[in-house]
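Examination of the molecular architecture
Chain residues, written in single-letter form:
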Amino acid sequence: MEAATTDYVDVILQVAARDQSIAHVLREICTLDGATRAAALGLVTAHLRTRRVDQGVLDCIAMLRQDAVARRISEVLPPTSSG
């Protein structure tokens, strides 16, 4: 992973560390296989484009499509417990 991408992932992980609801959703998304993750994120992006959403949010979603990014996030975030 490039240094800029690593820095971006570190920021995503810092946010997730402060908000367990974000951590839970990120973990769920990042553990999906690549094709399923891309399809799900495509739907989220399409929905968000109908609203006024900061470009940074769309950039973050685009980053989550990358296998290396998803792998790093799922390695770092602890597994969620159901229930």
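Residues numbered from 1 in each chain as written. Predicted model: local features only at pLDDT ≥ 70, side-chain atom pairs only at ≥ 80, totals over all residues. Heavy atoms only, no water.

1. Section: the confidence of the model for the chain
- For the chain, the mean per-residue pLDDT works out to 90, and 95% of the residues sit at or above 70.
- Across the chain, the element-wise mean pLDDT spans from 89 in helix H1 (residues 3-18) up to 95 in helix H3 (residues 34-49). (pLDDT = per-residue confidence, 0-100. Helix = DSSP H or I, 4+ residues; strand = E, 2+ residues; numbered from the N terminus.)

2. Some points on the nonpolar core
- Grouped together as the largest cluster of nonpolar side chains are 17 residues, with contacts concentrated most on Leu26, Leu64, Val69, Ile73 and Leu77.
- Those elements that place two or more of their residues in this core are H1, helix H2 (20-30), H3, helix H4 (55-64) and helix H5 (67-76). (Core = buried A, V, L, I, M, F, W, Y, C linked by side-chain atoms within 4.5 Å. Buried < 20%, exposed > 50% of the residue type's maximum accessible area, 1.4 Å probe, protein only.)

3. Some remarks on the packing of H1 against H4
- With their axes 11 Å apart at the nearest point, H1 and H4 run at an angle of 110° to one another. Considered as vectors, H1 and H4 are oriented roughly perpendicular to each other. From H1, Thr5, Tyr8 and Ile12 reach across to H4, where they touch Gly56, Asp59, Cys60 and Met63.
- Taken together, the residues of the contact of H1 with H4 sort by class into four nonpolar, two polar and one charged. (Axes fitted to C-alpha atoms, helices over the stretch in contact; angles between N-to-C directions. Parallel < 35°, antiparallel > 145°, perpendicular 65-115°, else oblique. Contact = heavy atoms within 4.5 Å. Nonpolar A, V, L, I, M, F, W, Y, C, P; charged D, E, K, R; others polar.)

4. Comments concerning H2
- Taken together, the buried positions of H2 are occupied by Ala23, Leu26, Arg27 and Cys30. Around the axis of H2, the buried residues are gathered within 100° of arc, so they sit on the same side. (Arc of directions from axis to C-beta.)

5. Side note on the side chain of Arg37
- Residue position: Arg37 is located in helix H3.
- One polar contact links the side chain of Arg37 to the main-chain carbonyl oxygen of Leu64, over a distance of 2.9 Å.
- With near-sequence residues (within four places) excluded, Arg37 lies in contact with Ile29, Cys30, Leu32, Leu64, Arg65, Gln66, Asp67 and Ala70. (Polar contact = N/O pair within 3.5 Å; in protein donor to acceptor, adjacent residues only side chain to side chain.)

6. Some words on H1
- Over its 16 residues, H1 runs 23 Å from end to end, which matches the ideal 22 Å to within 8%, given 1.5 Å per residue.
- Those residues of H1 lying buried are Thr5, Val9, Ile12, Leu13 and Ala16. The buried residues of H1 all sit within an arc of 100° when viewed along its axis, so they share a single face. Exposed and oriented more than 90 degrees from the buried face of H1 are Ala3, Ala4, Ala17 and Arg18.
- Those residues of H1 that are buried are in contact with H2, H4 and H5. (Expected span 1.5 Å × (residues − 1).)

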